[in-house]
Amino acid sequence: MTEQEAIALALAVAREKGWPEKLRVGITGGRRFILFGSYLWWVSLERRSANLWAQITIDDSTGLVIDVSSKPYNPKRKSPEIDPPSEEAK
């Protein structure tokens, strides 16, 4: 698996999750353990305006997505979702 294939797979996972289209992408490859273990790709996706940071781990030999983790880019920032009006406001 090439670096570009790993990025394409990570972006496909992001589309399935409904994450924003334009994401900043970073990629690192290596082994989880220095002397053994399969080669992995760690693709990080970021969109500050959507308050999203995610990391997708992909196994190089099989092309399987091993892990998808996400969290707010800035945990102190309020979510951009609009709250529905309360019953009192109606």
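Residue numbers run consecutively from 1 along every chain, following the written order of its sequence. At least 70 in pLDDT is required for a residue's local features to be given in this predicted model, at least 80 for side-chain atom pairs to be given and counted, and no such filter applies to totals for whole chains, interfaces and linings, which use all residues. The basis for every side-chain value is the complete set of heavy atoms in the structure, and neither hydrogens nor water enter the calculation.

Student: Would you explain the nonpolar core in this entry?
Tutor: Grouped burial of nonpolar side chains is what soluble globular proteins tend to show. Among the buried residues, those of types Ala, Val, Leu, Ile, Met, Phe, Trp, Tyr and Cys that are joined through side-chain atoms within 4.5 Å form a nonpolar core. Accessible area is worked out with a 1.4 Å probe on protein chains only. A residue is then buried under 20% of its type maximum, exposed over 50%, and partly exposed in between. In terms of nonpolar packing, the biggest core is built from 13 residues, with W19, L45, I56 and I58 touching the most fellow members. We call two residues in contact when some of their heavy atoms are within 4.5 Å. Setting aside residues up to four positions removed in sequence, I58 forms contacts with M1, A6, L9, A10, Y39, L40, W41, V43, G63, L64, V65 and I66.

Student: In this structure, what is going on with the side chain of T57? I would like to understand it.
Tutor: Note on conventions: DSSP H or I runs of at least 4 residues are helices, E runs of at least 2 residues are strands, and numbering of each starts at the N terminus. The topology assignment puts T57 in strand β3 (residues 52-59). Residue T57 is classed as buried on the basis of its relative accessible area, which comes to 5%.

Student: I tried to follow the sheet that holds strand β1 (residues 24-31) on my own but got confused; where do I start?
Tutor: Hydrogen bonds between backbone atoms are what pair the strands of a sheet, whose relative direction is either parallel or antiparallel. Whether two strands pair depends on DSSP finding at least two bridges between them. Taken in spatial order, the four strands line up as β1-β2-β3-β4 in an open sheet, and their pairing is antiparallel. Across the chains shown, the open sheet's two edge strands, defined by having one partner strand only, are β1 and β4 (65-71). When the angles between neighbouring strand axes are averaged without regard to direction, this sheet yields 15°. With eight bridges connecting them, strand β2 (residues 39-47) and β3 associate as antiparallel partners. Its bridge partner lying in β3, R47 is registered against L52. Where helices are involved, their axes are fitted lines through C-alpha atoms of the stretch in contact, as for all axes, and angles between N-to-C directions lie from 0 to 180°. The strands touched by helix α1 (residues 3-17) are β1, β2, β3 and β4; relative to β2, the strand with the most contacts, the crossing angle is about 50°.

Student: Looking at this structure, how should I read α1?
Tutor: Residues spaced three or four apart along an α-helix point in a common direction, a consequence of the helix completing one turn every 3.6 residues. For a helix, the expected span equals 1.5 Å multiplied by the number of residues minus one. Across its 15 residues, α1 extends 21 Å between first and last C-alpha, which sits within 8% of the 21 Å expected from 1.5 Å per residue. Taken together, the buried positions of α1 are A6, I7, A10, V13 and A14. One side of α1 carries all its buried residues, which in axial view fall inside an arc of 120°. Among the exposed residues of α1, those oriented more than 90 degrees off its buried face are Q4, R15 and E16. Contacts made by the buried residues of α1 are with β1, β2, β3 and β4. G18 sits one or two residues past α1 and shows a positive phi near 80°. Relevant arc is that of directions from the helix axis to the C-beta atoms, nothing else.

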